[in-house]
Amino acid sequence: MIQVSNLHKRFKLYRKPSDRLKEMLMRRSYHQSFEALKGISFELKAGETLGVLGKNGAGKSTLLKILTGVLLPDAGEIRKEGKITGLLELGTGFDASLTGLQNIYGNGLLIGMSREEIEQSLDDIIAFSELGEFIHEPIRTYSSGMTMRLAFSIAIHANPSCFLVDEALSVGDGHFQQKCMRRIKRFREQGGGIIFVSHDLNAVKMLCDRAIVLDQGGVVCEGSPEDAVNHYNRIMAELDEQEQQLVKAANGAETYGSLSAEIIDSQLLGERSASNVVAAGENTRIELKIRANEPVDDLTVGILVRDRFGQDIFGTNSYHLGEVMRLQESEEQTIAFTLPMDIAPGKYTVTAALHSQENHIDDCYHWCDNLLRFEVAGVLGANFSGVCRLHPTLEIESNKMDRVANLYD
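The rules behind the values
- Residues numbered from 1 in each chain as written.
- Predicted model: local features only at pLDDT ≥ 70, side-chain atom pairs only at ≥ 80, totals over all residues.
- Heavy atoms only, no water.
- Helix = DSSP H or I, 4+ residues; strand = E, 2+ residues; numbered from the N terminus.
- Buried < 20%, exposed > 50% of the residue type's maximum accessible area, 1.4 Å probe, protein only.
- Contact = heavy atoms within 4.5 Å.
- Areas by Shrake-Rupley, 256 points an atom, 1.4 Å probe, with all protein chains shown as cover.
- Pairing = 2+ DSSP bridges.
- Axes fitted to C-alpha atoms, helices over the stretch in contact; angles between N-to-C directions.
- Phe/Tyr/Trp six-rings, centres within 6.5 Å; stacked < 30°, edge-to-face > 60°.
- Core = buried A, V, L, I, M, F, W, Y, C linked by side-chain atoms within 4.5 Å.
- Patch = residues over 30% accessible without salt bridge, like charges linked within 9 Å, V, L, I, M, F, W, Y side chains within 5 Å.
- Salt bridge = Lys/Arg side-chain N within 4 Å of Asp/Glu carboxyl O.
- 1 Å grid on protein atoms, 1.4 Å probe; cavity = no way out; pocket = protein on both sides within 12 Å on 5 of 7 lines; lining within 4 Å.
- Points joined across faces, edges and corners; volume = space filled by probe spheres on them.
- Nonpolar A, V, L, I, M, F, W, Y, C, P; charged D, E, K, R; others polar.
- pLDDT = per-residue confidence, 0-100.
- Parallel < 35°, antiparallel > 145°, perpendicular 65-115°, else oblique.
- Left-handed = near helix turned anticlockwise from the far one by under 90°.
- Bend = angle between axes of the 7 residues up to and from the residue.
- Polar contact = N/O pair within 3.5 Å; in protein donor to acceptor, adjacent residues only side chain to side chain.

Overview of the overall build of the protein chain
Okay, so step 1: What the protein chain contains, in helices and strands, is 9 helices and 20 strands.
Okay, so step 2: Projected onto the principal axes, the alpha-carbon positions of the protein chain cover approximately 90 × 70 × 40 Å.
Okay, so step 3: Looking at the protein chain as a whole, 44% of its 409 residues are labelled buried.
Okay, so step 4: Sequence separation of at least 24 residues holds for 70% of the intrachain contacts in the protein chain that already meet a minimum separation of 6.
Okay, so step 5: When the accessible surface of the protein chain is summed, it comes to about 21700 Å², and 48% of that surface belongs to carbon and sulfur atoms.

Shown next, in the form of structure tokens:
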């Protein structure tokens with residue numbers, strides 16, 4: 001459906017607007033070159049969803065603008081079948097002075113729809129956007145959520161073969177986001193291809209078949225969504241090249257970090273079963289033995305429970321729990337988190353990490369993906385549906401006596 005080969009894009013950066021004119025008149029260079037894309041290659045098949053991850057400035061938006069024709073590449077080749085539409089930066093292709101209705105025509109023509117196609121889909125576009133009478137108001141009066149509704153509705157009704165979704169989708173309210181996700185899933189089931197750019201790591205894991213990670217304009221990882229998310233986390237930790245190297249532990253865990261402090265042993269035990277098979281609601285102890293290889297004055301110990309899809313179910317750490325920790329060189333400690341495992345039956349993993357402050361972005365000492373594996377089997381107490389149990393209470397008030405009294409009034 002889409003085949004991208006060795007794509008390059010470079011921008012000229014000027015310190016001030018007048019440098020552009022000086023460069024034209026004096027035939028001298030007054031700019032710095034910034035290479036946004038450096039030889040990117042990937043393939044998207046029909047009915048497939050490809051996730052794209054990367055830090056701000058990694059090249060994600062530039063890639064999408066080239067795919068939709070907003071920008072032209074400096075080098076490389078794009079082979080595509082059918083029409084490509086989608087959501088880029090919020091408001092791209094809209095004229096703020098025109099009404100929503102007028103922008104349906106203008107934006108529809110820009111993304112390749114004919115006037116006849118727009119006329120045929122007009123009622124559906126307006127209905128899906130849920131803008132009602134606001135469709136006759138200027139775009140400048142719209143909130144960001146209203147603008148996103150209209151942009152998504154136009155793009156999805158253009159009958160594309162490939163749909164691009166950027167972070168613009170995140171500004172909508174919960175109801176409309178769910179509506180968009182249902183439509184995207186239906187589009188994929190009908191054979192449409194999707195390129196999904198997001199910082200929502202759980203959404204990437206749940207929606208995508210494969211994912212790529214961009215860093216400094218190049219593809220640094222391509223594989224399963226879980227592998228891509230783990231690689232993205234390593235990049236966000238801003239480790240040097242040696243610290244980023246993966247070490248495969250005997251239990252299958254993938255670890256990386258500076259190793260100023262490290263996890264040297266771990267276990268998970270249920271309170272009743274004394275094994276790694278626990279019942280939903282059973283108190284479960286996650287125990288980590290750690291050692292400092294040098295003095296660490298700011299240490300946070302954290303755990304993250306993931307389901308079989310790699311989706312984050314629950315995470316916490318000693319920083320959030322109000323514990324300030326420090327270790328001397330060669331000092332060892334055992335840290336235990338005890339919690340009722342009130343999650344649905346199934347197979348899960350525990351990722352553990354040692355870092356500073358609230359998260360691993362500033363100082364990542366030791367990160368261990370899939371350090372522990374366990375299974376939830378059976379339920380203690382009342383059965384429940386969904387991912388977790390929220391311990392509801394139920395109150396029933398009877399008006400029976402009131403109804404009987406009314407018969408005699």
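Considering the sheet that holds strand β4 (residues 75-80)
Okay, so step 1: Here we have 3 strands laid out as an open sheet, ordered β2-β1-β4, and antiparallel in their pairing. Unpaired on one side and paired on the other, β2 (31-44) and β4 mark the two borders of the sheet. Pairwise comparison of adjacent strand axes, ignoring direction, gives a mean angle of 25° for this sheet.
Okay, so step 2: Bridge analysis of strand β1 (residues 2-14) against β2 gives 11 bridges, and the strand direction is antiparallel. Bridge assignment links Lys12 to a residue of β2, and that residue is Ser33.

Notes on the packing of aromatic side chains
Okay, so step 1: All told, the structure shown has 6 aromatic pairs when counted by the stated rule.
Okay, so step 2: Pairing Tyr256 with Trp367 gives two aromatic rings, centres 6.3 Å apart and planes at 15°, and the pair type is stacked. Here the residue Tyr256 occupies a position in strand β11 (residues 254-256), and Trp367 occupies one in strand β20 (residues 364-379), the gap between them amounting to 111 residues. Comparing Tyr256 with Trp367 shows no difference in burial state: the two are buried.

Looking at the nonpolar core
Okay, so step 1: Among the nonpolar cores identified, the biggest contains 43 residues, and Leu53, Ile104, Tyr142, Leu150, Phe152, Phe163 and Phe196 are the most heavily contacted of them.
Okay, so step 2: In terms of residue count, helix α5 (residues 144-156) provides more of this core than any other element does, 8 residues in total.
Okay, so step 3: Formed by 33 residues, the second largest nonpolar core is a distinct cluster that contains Ile290, Val296, Met325 and Tyr348.

Side note on a nonpolar patch on the surface
Okay, so step 1: On the surface, a cluster of nonpolar side chains totalling about 460 Å² of accessible area is made up of Leu21, Met24, Leu25 and Met26.
Okay, so step 2: For Met26, the location among the structural elements is in helix α1 (residues 18-26).

Structural notes on the pattern of salt bridges
Okay, so step 1: Tallied over the full model, the rule gives 18 salt bridges.
Okay, so step 2: The partner of Asp342 in a salt bridge is Arg389, and the shortest N-O contact between them spans 2.6 Å. Residue Asp342 is found in the loop between β18 (332-340) and β19 (346-355), and its partner Arg389 is found in the loop between β20 and α9 (400-406); the two are separated by 47 residues along the sequence. Judged on exposure class, the residue Asp342 and its partner Arg389 are both buried.
Okay, so step 3: Counted as one network, the salt bridges with shared partners bring together Lys205, Arg306, Asp312 and Asp369.

Considering the layout of surface pockets
Okay, so step 1: Taken as a whole, the largest pocket holds about 520 Å³ of empty space.
Okay, so step 2: Only α7 (201-207), α8 (225-236), β15 (296-306), β16 (312-317) and β19 provide two or more residues apiece to the lining of the largest pocket.
Okay, so step 3: Split into classes, the residues belonging to the lining of the largest pocket amount to 10 nonpolar, 12 polar and 5 charged.

Remarks on the confidence of the model for the protein chain
Okay, so step 1: Considering every residue of the protein chain, the mean pLDDT works out to 86; 91% of them sit at 70 or more.
Okay, so step 2: Across the protein chain, the element-wise mean pLDDT spans from 54 in α9 up to 96 in strand β14 (residues 283-292).

So, the packing of helix α3 (residues 100-110) against helix α4 (residues 115-129)
Okay, so step 1: Where α3 meets α4, the closest approach of the two axes is 10 Å, and the angle between their N-to-C directions is 135°. Put simply, α3 runs oblique to α4. The element α3 and its partner α4 pack so that their crossing is right-handed. Across the interface between the two elements, Leu101, Ile104, Tyr105, Gly108 and Leu109 of α3 pack against Arg115, Ile118, Glu119, Leu122, Ile125 and Ile126 of α4.
Okay, so step 2: Class assignment of the residues belonging to the contact of α3 with α4 gives a composition of 8 nonpolar, 1 polar and 2 charged.

Details of α4
Okay, so step 1: Approximately 55° is the largest bend angle found in α4, and it occurs at Ser121.
Okay, so step 2: Along α4, the positions that sit buried rather than exposed are Ile118, Ser121, Leu122, Ile125, Phe128 and Ser129.
Okay, so step 3: Each element contacted by the buried residues of α4 is listed here: α3, α5 and α6 (174-189).
Okay, so step 4: Where α4 terminates, the next one or two residues include Glu130, which has phi positive at roughly 60°.

Focus on the sheet that holds strand β9 (residues 218-223)
Okay, so step 1: Pairing is mixed in the open sheet, where 6 strands are placed in the order β5-β6-β7-β3-β8-β9. Each of the sheet's edge strands pairs with one partner strand only, and the pair in question is β5 (84-87) and β9. Sheet twist, expressed as the average angle between the axes of neighbouring strands with direction ignored, equals 20°.
Okay, so step 2: Where strand β3 (residues 49-54) lies against strand β7 (residues 193-197), 4 bridges are found, and the strand directions are parallel. Among the inter-strand pairings, Leu50 is bridged to a residue of β7, identified as Ile195.
Okay, so step 3: Strand contacts of α5: β5 and β6 (162-165), with the helix running at about 165° to β5, the strand carrying the most contacts.

Focus: the side chain of His231
Okay, so step 1: The residue His231 is located in helix α8 in this model.
Okay, so step 2: A polar contact of 2.7 Å, which involves the side chain of His231, links it to the side chain of Arg234.
Okay, so step 3: Those residues in contact with His231 that sit more than four places away from it in its chain are Val213, Val220 and Cys221.

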